[in-house]
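A look at the structure
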Amino acid sequence: MAPTEAAAAAKGRVTALGVAACERDAEKLEFIEEKTKNFDAEQARVLAEILARNGGAEYLRRHGMEGRTDRAAFKARVPVVTYEDLRPEIERIANGDRSSIISSHPITEFLTSSGTSAGERKLMPTIEDELDRRQMLYSLLMPVMNLYVPGLDKGKGLYFLFIKSETKTPGGLPARPVLTSYYKSDHFKHRPYDPYNVYTSPTAAILCTDSFQSMYAQMLCGLLARTEVLRVGAVFASGLLRAIRFLQLHWKELAHDIRTGTLSARVTEPSIRAAVGEVLAPDGALADFVEAECAKDSWEGVITRVWPNTKYLDVIVTGAMAQYIPTLRYYSGGLPMACTMYASSECYFGLNLRPMCDPSEVSYTIMPNMGYFELLPHDPAAGEPAAAGRDDGPPPRLVDLADAEVGKEYELVITTYAGLCRYRVGDILQVTGFHNAAPQFRFVRRKNVLLSIDSDKTDEAELQAAVERAAALLAPYGAGIVEYTSQADAATIPGHYVVYWELMVREGAGGRMPEAAVFERCCLEMEEALNAVYRQLRNGDAIGPLEIRVVRGGTFEEVMDYAISRGASINQYKAPRCVSFGPIIELLNSRVLAKHFSPACPKFSPHRK
Ligand code: AMP
């Protein structure tokens, strides 16, 4: 529905973004307008505020910034850094040094990023009032969504949200994922009632670190409220698929509980039992319905069958999550997928002002009040952005967001209230346009190299594109790739790329497992899709034939369980697109059903890109 139609239904106040659903929404939409119109002035204000606050801290003093709050001095004196550069400061804070090292406000906790450094999770220092900024960004999401989808106050959201148990650094600061920090905060736990943000999941279930109990209770409550549910979501697409998998595994037990009005004894947490007890009553008709739907051979469209009033999926499917789009389409019967925000442990960045657009068109508008942002130009043809802040090259020239050029790619560099200064986030973004004076970005990829055997470098986006091309060959068989990862196998001579595929075959709907020759063609198709350096080296025998290993159903769930058992967060978990960790490779290899190799060399000509 276009904003004007939705607005007509809502009859709210007119704002530049559309007609607001209610007065509170109007204020939020006007806030977005004001901040994006005065984007650069707001950025200058935020930088001056950060520099005034943290100017007395050791880090800025060391770089000659004490007392200086202007942008020119900042740009001239403060280096562009990576996590590795900041590691000594971060370790001192983690080890208990409470002096003002990077921030004059006390570091209250570390947020454990899903990004790693030397095999360990990155620890992002944060301060108390960052929670207010995160909360502020969250508060903008529904007013924007209400412009496009009317009536969301008439029902509930089924969101699968999880926390993870936290650890303490040697110096005693909590270390936990950013969403765990947020859900455990008073901001979330004691949020005022908002008719546009009513969840089916009891807070007690969200706040339980036992992922089975948490998921079980959230799914049960979602089933009990099935006709009230207007949107279904999780943070990332992988989380929502995990919920569907959970339903596939546990529907009988869930239906039993609904039939008898008693909660499974496997849920032991008293606060969850109490919360579920408030909504659970014997309902034979609903139990029959759940059993009938879940017993069907085909799970196509299961989300819309079980939750028939769902208007959209609220789930991030940009970046590494793009590969889940076909599977989500299958389970949801083609519901729109809304990617509402772009955020990280370091800083929350911005939101999608057209949340109902196609996933391929998602652009995020950065909010200038979240932190101070700069851009490191990135030439896609030249590989990664130049190493910054090093001795072996000129210092990089960073671009202010107001000067971003449409069509160009940049790496995001941030300066935060918590004390990160000119810190490279590692995300590559492409400018797609502006909302007022605020640039809008397509998330291109996380800067990294996934696979390398020789001088070849294959990144996540290239591997994803190759897998998608090969997946098209499976489509006639009613088969698709549920999940994949890769490994640079150096044990063979020459080394070769191994790609692990977990498949879904729609057997109930006439699908069948493709024969070996099809998988061999898939191997070659992937090689054809890889970059010129790869194809050249492959033709020169520096790289062996690409191999596909088909693993049995549920393998990637085991990989995820393993990662979670080692400290990963369910919310932030993203299946690794490349694995090098021995136990995970062993796990994958022990689940292999079949191996297939590319039967020929991919085409290569020095003139073809
Ligand atoms: P973490 O540090 O674990 O919170 O992960 C943050 C990273 O997740 C970001 O730097 C991005 O690489 C990725 N990410 C977050 N939001 C999005 C989004 N909307 N689309 C694509 N990738 C995202």
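Here the structure is a predicted model, which is why all the values come from computation and not from measurement.

By the definition in use, this model includes 47 salt bridges. Among the salt bridges present, the one from Arg133 reaches Asp129, with a minimum N-O distance of 2.6 Å. Two residues, Glu557 and Arg242, come together in a salt bridge whose shortest N-O distance is 3.6 Å. In this pair, Glu557 is assigned in helix α20 (residues 555-565) and Arg242 in helix α12 (residues 237-260), connecting sequence segments 315 residues apart. Under the relative-accessibility criterion, Arg242 is labelled buried at 13%. Linked by salt bridges that have partners in common, Asp40, Arg71, Lys75, Glu374, Asp400 and Arg422 make up one network.

Across the sheet, which stays open at both edges, the four strands sit in the order β5-β8-β9-β10 with parallel pairing between neighbours. Only two strands of the sheet have a single partner each, and these edge strands are β5 (156-160) and β10 (337-338). Across the sheet, helix α11 (residues 211-224) touches β5 and β8 (229-236), and the angle it forms with β5 is around 155°. Sheet strands touched by α12: β5, β8 and β9 (312-316). Its angle to β8, the strand with the most contacts, is close to 120°.

Feature annotation in UniProt assigns "domain: GH3 C-terminal" (unreviewed entry) to the following positions: residues 462-580. Taken end to end, residues 462-580 is 36% helix and 22% strand, and its two terminal C-alpha atoms sit 18 Å from one another.

If you trace the eight strands from one edge of the open sheet to the other, you get β11-β12-β13-β18-β17-β16-β14-β15, paired in antiparallel fashion. Strands with a single pairing partner mark the edges of an open sheet, and in this sheet they are β11 (341-343) and β15 (399-400). Examined bridge by bridge, strand β16 (residues 409-415) and strand β17 (residues 423-435) share five bridges and lie antiparallel to one another. Each bridged residue has a counterpart across the sheet, and for Val413 the counterpart in β17 is Arg424.

So, about unusual backbone geometry. A positive phi angle is found at Arg422, which is not glycine, with a value near 50°. Tracing the backbone shows Arg422 in the loop between β16 and β17. Positive phi outside glycine occurs at Asn436, with the angle close to 50°. Taking relative accessible area as the criterion, Asn436 reaches 35% and is therefore assigned partly exposed.

Let's shift gears to helix α2 (residues 23-37). Look at α2: 21 Å from first C-alpha to last across 15 residues, which is about the 21 Å you get at 1.5 Å a residue. Those residues of α2 not exposed but buried are Asp25, Ala26, Leu29, Ile32, Glu33, Lys35 and Thr36.

Our focus in this paragraph is the packing of α12 against helix α16 (residues 325-332). Describing two packed helices takes the angle between their axes plus the distance from one axis to the other. In the contact formed by α12 and α16, the axes pass within 10 Å of each other and the chain directions differ by 45°. As judged from the angle between their axes, α12 and α16 are oblique. Crossing geometry of α12 relative to α16 is assigned as left-handed. On α16, the residues touching Ala237, Leu240, Leu241, Ile244 and Gln248 of α12 are Thr327, Leu328 and Tyr331. When the residues that make up the contact of α12 with α16 are grouped by side-chain class, the tally is six nonpolar, two polar and no charged.

In terms of burial, β8 is largely enclosed, as seven of its eight residues are buried. Sheet topology places β5 next to β8; five bridges connect them, and they run parallel. By the bridge assignment for β8, Tyr159 is matched with Gly233. Direction of pairing for β8 relative to β9: parallel, over a ladder of four bridges. Paired with Val232 across the two strands is Leu313, which belongs to β9.

For the rest of this paragraph, the subject is the pairing of strand β12 (residues 348-351). Taken together, the three bridges between β11 and β12 define a ladder with antiparallel strand orientation. When the sheet's bridge partners are listed, Met341 is paired in β12 with Leu351. In the sheet, β12 pairs with strand β13 (residues 364-366) via two bridges, with the strands oriented antiparallel. Among the inter-strand pairings, Leu351 is bridged to a residue of β13, identified as Thr365.

Another point: the packing of α12 against α20. As a packed pair, α12 and α20 sit with axes 12 Å apart at the nearest point and diverge in direction by 110°. As summarised for this structure, α12 and α20 are arranged roughly perpendicular, according to the angle between their axes. Along this stretch, α12 crosses α20, giving a crossing that reads as left-handed. Taking contact as the criterion, the partners of Arg242, Arg245 and Leu249 in α12 are, on α20, Glu557, Met560 and Asp561.

Criteria and cut-off values
- Residues numbered from 1 in each chain as written.
- Predicted model: local features only at pLDDT ≥ 70, side-chain atom pairs only at ≥ 80, totals over all residues.
- Heavy atoms only, no water.
- Salt bridge = Lys/Arg side-chain N within 4 Å of Asp/Glu carboxyl O.
- Helix = DSSP H or I, 4+ residues; strand = E, 2+ residues; numbered from the N terminus.
- Buried < 20%, exposed > 50% of the residue type's maximum accessible area, 1.4 Å probe, protein only.
- Pairing = 2+ DSSP bridges.
- Contact = heavy atoms within 4.5 Å.
- Axes fitted to C-alpha atoms, helices over the stretch in contact; angles between N-to-C directions.
- UniProt positions renumbered as here; feature names shortened; annotations may be inferred.
- Expected span 1.5 Å × (residues − 1).
- Parallel < 35°, antiparallel > 145°, perpendicular 65-115°, else oblique.
- Left-handed = near helix turned anticlockwise from the far one by under 90°.
- Nonpolar A, V, L, I, M, F, W, Y, C, P; charged D, E, K, R; others polar.

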